Amino acid sequence: VNDPAGAARCARWPDVPAVGALWQKLVEAHAELGSAFALRPGADAELPRLVAEMLDDPDAAVWVWEGPAGVSGFCTARRTRAPGSAEGQRVEITELMVSPPARRSGVGRALVETALAWASTGGARRVEVRVAAGNSTGQAFWRALGFGDLVDVLDRRL
Ligand SMILES: CC(C)(COP(=O)(O)OP(=O)(O)OC[C@H]1O[C@@H](n2cnc3c(N)ncnc32)[C@H](O)[C@@H]1OP(=O)(O)O)[C@@H](O)C(=O)NCCC(=O)NCCS
């Protein structure tokens, strides 16, 4: 990582506002990709509460990247177990956002590696992520980290 003063760590209660703000930026960026990603009016105010709930949830995890300028990235993940599935537990990385000035210096990679280590330590054999087809940066990022196609989610406007 180019930023020697920064590190990925587990989020704590005082990080909730910063993570909520980054999450809101993530949602705003996705709303530009399609209306399916837009939040209903006022829902952005609920994001900090959702972060706080994850901090209390043993099957969820939240990490932040803290550099000299404070928190500049976050990642969330959740353990799930598909009923009847032979593979047992798996982990989904549910959100990942690095603030624009901190991008392309390995922060996203460091956050995901932290999530992969958590998944592996917890016994998961596989980690999934959903990435919008139109998110070219996200597509390039996940593929650079070794993620590949599994399911195509198709939709049709009604
Ligand atoms: C996707 C995102 C998290 C990447 O974070 P980052 O800290 O910039 O990524 P890294 O510096 O760790 O990049 C790791 C590798 O991913 C690839 N990559 C990252 N950004 C890329 C881009 N814009 N174009 C092409 N490849 C890219 C590169 O291979 C990169 O390695 P390199 O810099 O040595 O070439 C960040 O761009 C972001 O927050 N985007 C908006 C939110 C988003 O799309 N989140 C993902 C939702 S699924």
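Let me sum up the structure you'll find in this document.

The rules behind each value
Residues numbered from 1 in each chain as written. Predicted model: local features only at pLDDT ≥ 70, side-chain atom pairs only at ≥ 80, totals over all residues. Heavy atoms only, no water. Core = buried A, V, L, I, M, F, W, Y, C linked by side-chain atoms within 4.5 Å. Buried < 20%, exposed > 50% of the residue type's maximum accessible area, 1.4 Å probe, protein only. Helix = DSSP H or I, 4+ residues; strand = E, 2+ residues; numbered from the N terminus. Contact = heavy atoms within 4.5 Å. Salt bridge = Lys/Arg side-chain N within 4 Å of Asp/Glu carboxyl O. Near = heavy atom within 4 Å. Polar contact = N/O pair within 3.5 Å; in protein donor to acceptor, adjacent residues only side chain to side chain. Nonpolar A, V, L, I, M, F, W, Y, C, P; charged D, E, K, R; others polar. Pairing = 2+ DSSP bridges. Axes fitted to C-alpha atoms, helices over the stretch in contact; angles between N-to-C directions. Right-handed = clockwise from strand over helix to strand, strands pointing away. Parallel < 35°, antiparallel > 145°, perpendicular 65-115°, else oblique. Left-handed = near helix turned anticlockwise from the far one by under 90°.

Regarding the nonpolar core
Here's step 1: In this structure, Trp63, Cys75, Val91, Ile93, Leu111 and Val112 are the most contacted members of the largest nonpolar core, which totals 22 residues.
Here's step 2: In terms of residue count, the dominant contributor to this core is helix H3 (residues 107–121) (seven residues).
Here's step 3: Beyond its immediate sequence surroundings of up to four residues, tryptophan 63 is in contact with Arg9, Cys10, Ala11, Gly73, Phe74, Cys75, Thr76, Ala77, Leu111, Thr114, Ala115 and Trp118.
Here's step 4: If you look at the next biggest cluster of nonpolar residues, it comprises 15 residues, including Ala11, Val16, Leu26 and Val62.

With respect to the pattern of salt bridges
Here's step 1: Considering all chains together, one arrives at 12 salt bridges under this definition.
Here's step 2: For arginine 126, the salt bridge goes to glutamate 87, with nearest N and O atoms at 2.7 Å. Here arginine 126 is found in the loop between H3 and strand S5 (127–129), whereas its partner glutamate 87 is found in the loop between strand S3 (70–81) and strand S4 (89–98), with 39 residues between them in sequence.
Here's step 3: For the salt bridge of arginine 90 with glutamate 128, the shortest nitrogen-to-oxygen distance reads 3.4 Å. Taken as a pair, arginine 90 in strand S4 and glutamate 128 in strand S5 lie far apart in primary sequence, 38 residues in all.
Here's step 4: Via salt bridges that share partners, Arg40, Glu46, Arg49 and Glu53 belong to a single interconnected network.

Describing the site of the ligand
Here's step 1: Contacts to the ligand come from 19 residues, most closely from Val98, Arg104, Gly108, Arg109 and Asn135.
Here's step 2: With respect to the ligand, the backbone of glycine 108 contributes an N or O atom lying 2.7 Å from an oxygen atom.
Here's step 3: At 2.7 Å from an oxygen atom of the ligand is found a side-chain nitrogen or oxygen belonging to asparagine 135.
Here's step 4: Its residues assigned to classes, the shell around the ligand shows 10 nonpolar, five polar and four charged.

Regarding the sheet that holds strand S2 (residues 60–67)
Here's step 1: Taken together, five strands build an open sheet; the order of strands is S1-S2-S3-S4-S5 and the sheet is mixed. One side of each edge strand has no neighbouring strand; the edge strands of this open sheet are strand S1 (7–10) and S5. Averaged over all pairs of adjacent strands, the angle between strand axes in this sheet comes to 30°, irrespective of strand direction.
Here's step 2: Looking at chain direction, S1 and S2 are connected through four bridges and run antiparallel.

A closer look at the pairing of S4
Here's step 1: Most of S4 is tucked away: seven of the 10 residues are buried.
Here's step 2: Here nine bridges tie S3 to S4, and the two strands are oriented antiparallel to one another. Across the sheet, the residue bridging to alanine 77 is isoleucine 93, located in S4.
Here's step 3: Alignment of S4 against S5, held across three bridges, turns out to be parallel. Paired with glutamate 92 across the strands is glutamate 128, a residue of S5.
Here's step 4: Between the parallel pair S4 and S5, the chain is carried across by H3, and the sense of this crossover is right-handed.

Digging into the packing of helix H1 (residues 16–31) against helix H2 (residues 47–55)
Here's step 1: One way to put it is that H1 packs onto H2 with a least axis distance of 8 Å and a crossing angle of 120°. Considered as vectors, H1 and H2 are oriented oblique to each other. Read as a crossing pair, H1 and H2 show a hand that is right-handed. Taking contact as the criterion, the partners of Val16, Val19, Gly20, Trp23, Gln24 and Val27 in H1 are, on H2, Leu47, Pro48, Leu50, Val51, Ala52, Met54 and Leu55.
Here's step 2: Across the contact of H1 with H2, the residue classes break down as 11 nonpolar, two polar and no charged.

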